[in-house]
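One-letter residues, chain by chain:
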Amino acid sequence: MVRGGGPGLIEALYNAAGKRGIDVLCDAWVRDLMCCDGAVSGVTARVQGTTRAIAAGAVVLACGGFEANTEWRTRYLGRGWDLAKVRGTKFNTGDGLAMALRIGAQPCGHWSGCHAVGWERYATDFGDLALTPGFQRHSYPFGIMVNADGKRFVDEGADFRNFTYAKYGHVVLEQPGQFAWQIYDSKVLPLLRDEYRTRRVTKVKADSIEELADKLEDVDREQLLRTIREFNEAVRTEVPFNPAVKDGRRAAELAIPKSNWANAIDAPPFEAYAVTCGVTFTFGGLRITNEGQVVNTNHEPIPGLFAAGEMVGGLFYFNCPAATGLTSGAVFGRLAGRSAASFAKARRAVT
Ligand SMILES: Cc1cc2nc3c(=O)[nH]c(=O)nc-3n(C[C@H](O)[C@H](O)[C@H](O)COP(=O)(O)OP(=O)(O)OC[C@H]3O[C@@H](n4cnc5c(N)ncnc54)[C@H](O)[C@@H]3O)c2cc1C
């Protein structure tokens, strides 16, 4: 059992390594794989400013995707992704993928896809350990989202947020100016998640819809008023609102319907929150065997090379449900670690 979020997880890993006498090198930037006779035999790394060759019986690459690499995001995810905010570390720049591809590893999965969410519009460019959990904005199923044209652009209530949040960052990125406002009225304010009550929040509050429309300066005012009026008229009020289930309380007969949890935006005070796209991790990775060993473009396992976590390709396409990132890290990390240990032992036995 791990407590304390990311820092708690890392502390548990340091403790586990310490108990087993495993050295951990900090400020170590791995630059390349060392190869001997077609097999991976270690890495070269800049360790505290000095280049070192580190020999190893096997190497497990677990250094993330390319979400923090502006140029690769644009190259693989496409137009507009250069401007996405990065939710996590600035160090996941695709280094591991690049060094594996250089020795013939096979790319696999959805290289133009990623996990991306609605994120504070004026968030820092990369994750900030002290602030980052507060930048997500995941209560949109209980309100509406409008773009600069004053229009809704997605079914906010298509499913529980756990099943939509990872793909809706992409939808926000596609809007003019790459931003949107989430709008809520007082009926649902008590349902908003804790992150809406943190300090780094771009928020507008108003006592009438007209005042709200005046305050959302970068939004087409008249269209916004029309959008809210039409939305309010479309809500199926005869169906009871129930946030605990997919309640089927629709706003139908609209160009973009809302399938569940539709409530008229009519009870002041009103609150609006500005969001943009925050990318969590990229889906493209390397092909591995059932033992976690990296496969080359000739469809053969590369001796001595294993991969885990975001570096494994072929796990996610277009979307992924909540909690699968860490699950994949744990499952494929254990697999790759065990396989690498057996490989290294067998290698030592024959040398
Ligand atoms: C804000 C945020 C919230 C999240 N919340 C959840 C959640 O609630 N549930 C969930 O399941 N998942 C969540 N995730 C996703 C999850 O954290 C990741 O999917 C998971 O950590 C990936 O593990 P990994 O080991 O592949 O990569 P990471 O945990 O990203 O680790 C990669 C490491 O490699 C290092 N590195 C990169 N390049 C090099 C190099 N050249 N040399 C040396 N080191 C290098 C990086 O510094 C980094 O420390 C969240 C992610 C973020 C950013």
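Residues numbered from 1 in each chain as written. Predicted model: local features only at pLDDT ≥ 70, side-chain atom pairs only at ≥ 80, totals over all residues.

Caption draft 1: Just the domain arrangement of the protein chain, in detail. Taken domain by domain, the protein chain comprises domain 1 (17–78 + 96–110 + 283–350) and domain 2 (116–278). Between the C-alpha centres of domain 1 and domain 2 there is a distance of 38 Å. At the junction of the two partners, domain 1 supplies six residues and domain 2 supplies five residues. (Domains from an automatic or database assignment. Contact = placed C-beta atoms within 7 Å.)

Caption draft 2: Just the sheet that holds strand β3 (residues 50–55), in detail. Taking strand neighbours across the sheet as the criterion, the three strands line up as β1-β2-β3 in an open arrangement whose pairing is antiparallel. Lying at the two open borders of the sheet, with one neighbouring strand each, are β1 (28–36) and β3. Within this sheet the neighbouring strands show an average axis-to-axis angle of 25 degrees, counted without direction. Pairing between β1 and strand β2 (residues 39–47): eight bridges, direction antiparallel. By the bridge assignment, L33 is partnered in β2 with V43. (Pairing = 2+ DSSP bridges. Helix = DSSP H or I, 4+ residues; strand = E, 2+ residues; numbered from the N terminus. Axes fitted to C-alpha atoms, helices over the stretch in contact; angles between N-to-C directions.)

Caption draft 3: Layout of the environment of I183. Following the sequence through the fold, I183 ends up in strand β9 (residues 180–184). Considered as a pair, I183 and G4 are 179 residues apart in the sequence and their alpha carbons are 31 Å apart.

Caption draft 4: Representation of the pairing of strand β11 (residues 270–282). Within β11, 13 of the 13 residues are buried, which leaves it mostly tucked inside the rest of the structure. Sheet topology note: the strand β5 (residues 85–86)/β11 ladder contains two bridges and is parallel. From the neighbouring strand, K85 faces β11, where its bridge partner is G278. The pairing of strand β7 (residues 114–120) with β11 spans seven bridges and is antiparallel. Across the sheet, A116 pairs through a bridge with V279, a residue of β11. Here five bridges tie β9 to β11, and the two strands are oriented antiparallel to one another. Each bridged residue has a counterpart across the sheet, and for A180 the counterpart in β11 is V275. In terms of strand pairing, strand β10 (residues 203–206) meets β11 through four bridges, oriented antiparallel. Paired with V204 across the two strands is A272, which belongs to β11. (Buried ≥ 20, exposed ≤ 12 C-beta atoms within 10 Å, placed from the backbone.)

Caption draft 5: Representation of the site of the ligand within the structure. As a structural note, the neighbourhood of the ligand is formed by 24 residues, with G88, F91, G309, G325 and L326 the closest of them. Secondary structure elements with two or more residues in the shell around the ligand: β1, β11 and α7 (324–350). For the shell around the ligand, the leading source of residues is α7, giving five residues. In the shell around the ligand, the residues fall into nine nonpolar, twelve polar and three charged. (Near = placed C-beta within 6 Å. Nonpolar A, V, L, I, M, F, W, Y, C, P; charged D, E, K, R; others polar.)

Caption draft 6: Structural context of the environment of E11. Here E11 lies in helix α1 (residues 5–19). For the pair E11 and N69, spaced 58 residues apart in sequence, the C-alpha to C-alpha distance is 27 Å.

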